[in-house]
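Working through the structure, step by step
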Amino acid sequence: MRRILVVGGGYAGFYTAWRLEKKLRRGEAEVIVVDPRPYMTYQPFLPEVVAGSVEARHAAVSLRRNLKHTKLVAGMVTGISHADKTVTIHPADGPDYQLTYDVIAVTAGAVTRTFDVPGVAERAIGMKHVEEAVAIRDRLFTAFDEAAGLEPGPRRRKLLTVTFVGGGFSGVEGFAELLSLARSLLKKYPELSEDDLAFHLVEATGRILPEVTDKPGEWVVKMLEKRGAAVHLNTFMQSADDGHVVLSDGTEFDSELIVWTAGNAATRLLRNHTDLPHNERGLVQVRADLRIGTETEVIPDAWAAGDDAAVPDLASGKGYTVPNAQNAVRQGKVLAKNLLRSLRGRAPKNYVHHSLGVIATLGLGSGIFQYKRLVIKGLLAWLMHRGYHVLAVPTWDRKMRVLSIWLVAFFYGRDIVSLASVQSPREAFASEAKKTEAAVRVS
């Protein structure tokens, strides 16, 4: 029985394994998924997790619950030697070990692209995982609680200043949702006003939301500015030491919360620790049929899909497919079909996907949708966003849980409870234990 090793349990990896489970015949192949996290993150819901419109756990799809006939390995693949058909796995606990395979499917995804900006590594937080989205939300709540007890001044102003770096879909959606949440929180904090809030969106290029055309992008900028945000285009963050932000356009301010969403980069695994071919950006070089290789040379028994793969875009006839959820999900499904075809001696089929359009949430009750020349803005686009993603999130379990939260929020509003202490759960216990120990010594 052949062993299919899937590296990564994100979109592409999850859908590959999920489809294989449904279609493989008994004894035809063994499927193994290696991922350090026990769940697949439904990333389009992260902005709504930030805003409290979706519960964090509902944006995470359990691998073990849904991949019932797949062997799950909790760990990170740190090396791939396809010449030996062996991977090196770094588990959560214990020494590294090697695992052999017959067929490999690389779906490791991408990591947040960072630059050597002073202070960013110490101060900023990304927005690719559920934990990060929850931390962003809790930090805003904590900032509001602290600011409400302070007199107007530099410290209060810093606490209520939020900075997002990166004007792609992830950055703009997260920024708009957090801005919407902050403005709604003012109703609960009579000590604060809109003048106390400062939201900055920093984008290195001359426009945000590159997937939409110019005019819709300009409309989003104007809409954000109308809400009181500052959008800095053609601007870089030069430093963020101790929360003091310096931008290339000369703007300087103190910011308690800095969120970094400036694009994706290939993982170190693919850039430095594999003998599989990759391009200048570090992405695995993939043919249109998702086999690793070029038009003239194919690497046997090696496949890739998702954000870590440079898949030719046959729909447009130029470049590579955009690294987004639409492509990752569909590539995972095609990859599963092609793996089955290969196992059964049939030729794989090419991946071709014509975009269904782009859609973004821009805060409660506002969104934007574009399909070719058709552009829809405002409430209707926001409803379309929610409708599309509740249909797209995998498993009925997650669909119903998300719908129930939205229904409750419609009648009672968003939950504004902060659980920031969860990030350091032993603090209260340890503090009390130290006080008790000190009291015993005194007595």
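Values in this document were obtained by computation on a predicted structure and should not be read as measured data. (Residues numbered from 1 in each chain as written. Predicted model: local features only at pLDDT ≥ 70, side-chain atom pairs only at ≥ 80, totals over all residues. Heavy atoms only, no water.)

1. Some words on the overall build of the protein chain
- Broken down by element type, the protein chain carries 13 helices and 24 strands.
- The C-alpha atoms of the protein chain give 23 Å as radius of gyration, which agrees with the globular expectation for 443 residues (22 Å, within 12%).
- In terms of its C-alpha atoms, the protein chain occupies a principal-axis envelope of roughly 70 × 70 × 45 Å.
- Out of the 443 residues belonging to the protein chain, those deemed buried represent 52%.
- A separation of at least 24 residues holds for 67% of the contacts in the protein chain among residues at least 6 apart in sequence.
- For the protein chain, the accessible area works out to roughly 21800 Å², and carbon and sulfur atoms hold 54% of it. (Helix = DSSP H or I, 4+ residues; strand = E, 2+ residues; numbered from the N terminus. Rg over C-alpha atoms; globule rule 2.2 N^0.38 Å. Buried < 20%, exposed > 50% of the residue type's maximum accessible area, 1.4 Å probe, protein only. Contact = heavy atoms within 4.5 Å. Areas by Shrake-Rupley, 256 points an atom, 1.4 Å probe, with all protein chains shown as cover.)

2. Brief notes about a positive patch on the surface
- On the surface, Lys 22, Lys 23, Lys 337, Arg 346 and Lys 349 cluster together into a positively charged patch.
- Considering the arrangement of structural elements, one finds Lys 23 in helix α1 (residues 11-23). (Patch = residues over 30% accessible without salt bridge, like charges linked within 9 Å, V, L, I, M, F, W, Y side chains within 5 Å. Salt bridge = Lys/Arg side-chain N within 4 Å of Asp/Glu carboxyl O. Lys, Arg positive; Asp, Glu negative; His and termini not counted. Charge placed at Lys NZ, Arg CZ, Asp CG, Glu CD.)

3. Focus on the pattern of salt bridges
- Summed over the entire model, instances satisfying the criterion amount to 17 salt bridges.
- Note that Arg 398 and Asp 397 form a salt bridge whose closest N and O atoms lie 2.6 Å from each other.
- Judged by its relative accessible area of 21%, Asp 397 falls in the partly exposed class.
- Across the pair Arg 401 and Asp 397 runs a salt bridge, and its minimum N-O distance is 2.6 Å. Taken as a pair, Arg 401 and Asp 397 lie in helix α12 (residues 396-412) at a separation of four residues, close to a single helical turn.
- Look at the salt bridges and you will find they share partners, linking Arg 65, Asp 397, Arg 398 and Arg 401 into a network.

4. So, the domain arrangement of the protein chain
- Its domain assignment divides the protein chain into domain 1 (2-112 + 265-344) and domain 2 (124-262 + 364-412).
- Between the C-alpha centres of domain 1 and domain 2 there is a distance of 30 Å.
- Each partner contributes residues to the interface: domain 1 has 35 residues there, and domain 2 has 32 residues.
- The junction of domain 1 with domain 2 conceals about 2900 Å² of combined surface from both sides, 62% of it contributed by carbon and sulfur atoms.
- Among the residues of domain 1 in contact with domain 2, Val 50, His 58 and Thr 112 are the three that bury the most area, contributing 22% of the side total.
- Linking domain 1 with domain 2 are three salt bridges.
- Along the contact surface separating domain 1 from domain 2 lie seven residue pairs in polar contact (both at pLDDT 80 or more).
- In terms of residues, the side of domain 1 that touches domain 2 owes the most to one element, helix α2 (residues 46-51), which gives six residues. (Domains from an automatic or database assignment. Buried area = accessible area lost by both parts, 1.4 Å probe. Polar contact = N/O pair within 3.5 Å; in protein donor to acceptor, adjacent residues only side chain to side chain.)

5. Concerning the sheet that holds strand β23 (residues 367-371)
- Reading across from one edge, β22-β23-β24 is the order of the three strands in this open sheet, with antiparallel pairing throughout. A single partner strand is all that each edge strand has here, and the edge strands are β22 (358-361) and β24 (374-377). Each strand axis lies, on average, 5° off the axis of its neighbour in the sheet, ignoring direction.
- Looking at chain direction, β23 and β24 are connected through four bridges and run antiparallel. Pairing of Phe 369 across the sheet is with Ile 376, part of β24. (Pairing = 2+ DSSP bridges. Axes fitted to C-alpha atoms, helices over the stretch in contact; angles between N-to-C directions.)

6. Focus: helix α8 (residues 214-226)
- Between the first and last C-alpha of α8 there are 18 Å, a value that for 13 residues agrees with the 18 Å anticipated at 1.5 Å per step.
- Tucked into the core, α8 has its buried residues touching α7 (169-185), β11 (198-202), β12 (230-232), β23 and β24.
- Positive phi appears at Gly 228, one or two residues downstream of α8, with a value of about 105°. (Expected span 1.5 Å × (residues − 1).)

7. Re the UniProt feature "domain: FAD/NAD(P)-binding" (unreviewed entry) in the protein chain
- Per the UniProt record, "domain: FAD/NAD(P)-binding" (unreviewed entry) is annotated on residues 3-332.
- Taken end to end, residues 3-332 is 29% helix and 27% strand, and its first and last C-alpha atoms sit 18 Å apart. (UniProt positions renumbered as here; feature names shortened; annotations may be inferred.)

8. Observations concerning the packing of aromatic side chains
- Across all of its chains, the model carries 10 aromatic pairs by this definition.
- Where Tyr 11 meets Tyr 42, the ring centres are 6.0 Å apart and the plane angle is 80°; that geometry is what we call edge-to-face. Taken together, the residues Tyr 11 in helix α1 and Tyr 42 in the loop between β3 (39-41) and α2 connect sequence positions 31 residues apart. The pair Tyr 11 / Tyr 42 is uniform in exposure class, with both members buried.
- Three or more aromatic residues link up through ring pairs in this structure, and these residues are Tyr 11, Tyr 42, Phe 45 and Trp 406.
- For Lys 22, the ring lying beneath its charged end belongs to Trp 18, and the centroid distance is 4.1 Å.
- The ring of Trp 396 carries the charged tip of Lys 399 above its face, separated from the ring centre by 5.7 Å. (Phe/Tyr/Trp six-rings, centres within 6.5 Å; stacked < 30°, edge-to-face > 60°. Lys NZ or Arg CZ within 6 Å of the ring centre and 35° of its normal.)

9. Points about the pairing of strand β20 (residues 298-304)
- Strand direction decides the pairing type here: strand β8 (residues 103-106) and β20, joined by three bridges, are parallel. Residue Ile 104 lies in a different strand from β20, and its bridge partner there is Ala 302.
- Sheet topology places strand β19 (residues 291-293) next to β20; two bridges connect them, and they run antiparallel. Within the sheet, the bridge partner assigned to Arg 291 lies in β20 and is Trp 303.
- Taking the residues between adjacent antiparallel strands as the criterion, β19 and β20 are bridged by four residues.

10. A closer look at the side chain of Asn 66
- Along the polypeptide, Asn 66 turns up in helix α3 (residues 63-66).
- Using a relative accessible area of 17% as the deciding quantity, one classes Asn 66 as buried.
- Asn 66 has contacts with Phe 14, Trp 18, Glu 21, Val 61 and Thr 395, leaving out every residue within four places of it along the chain.

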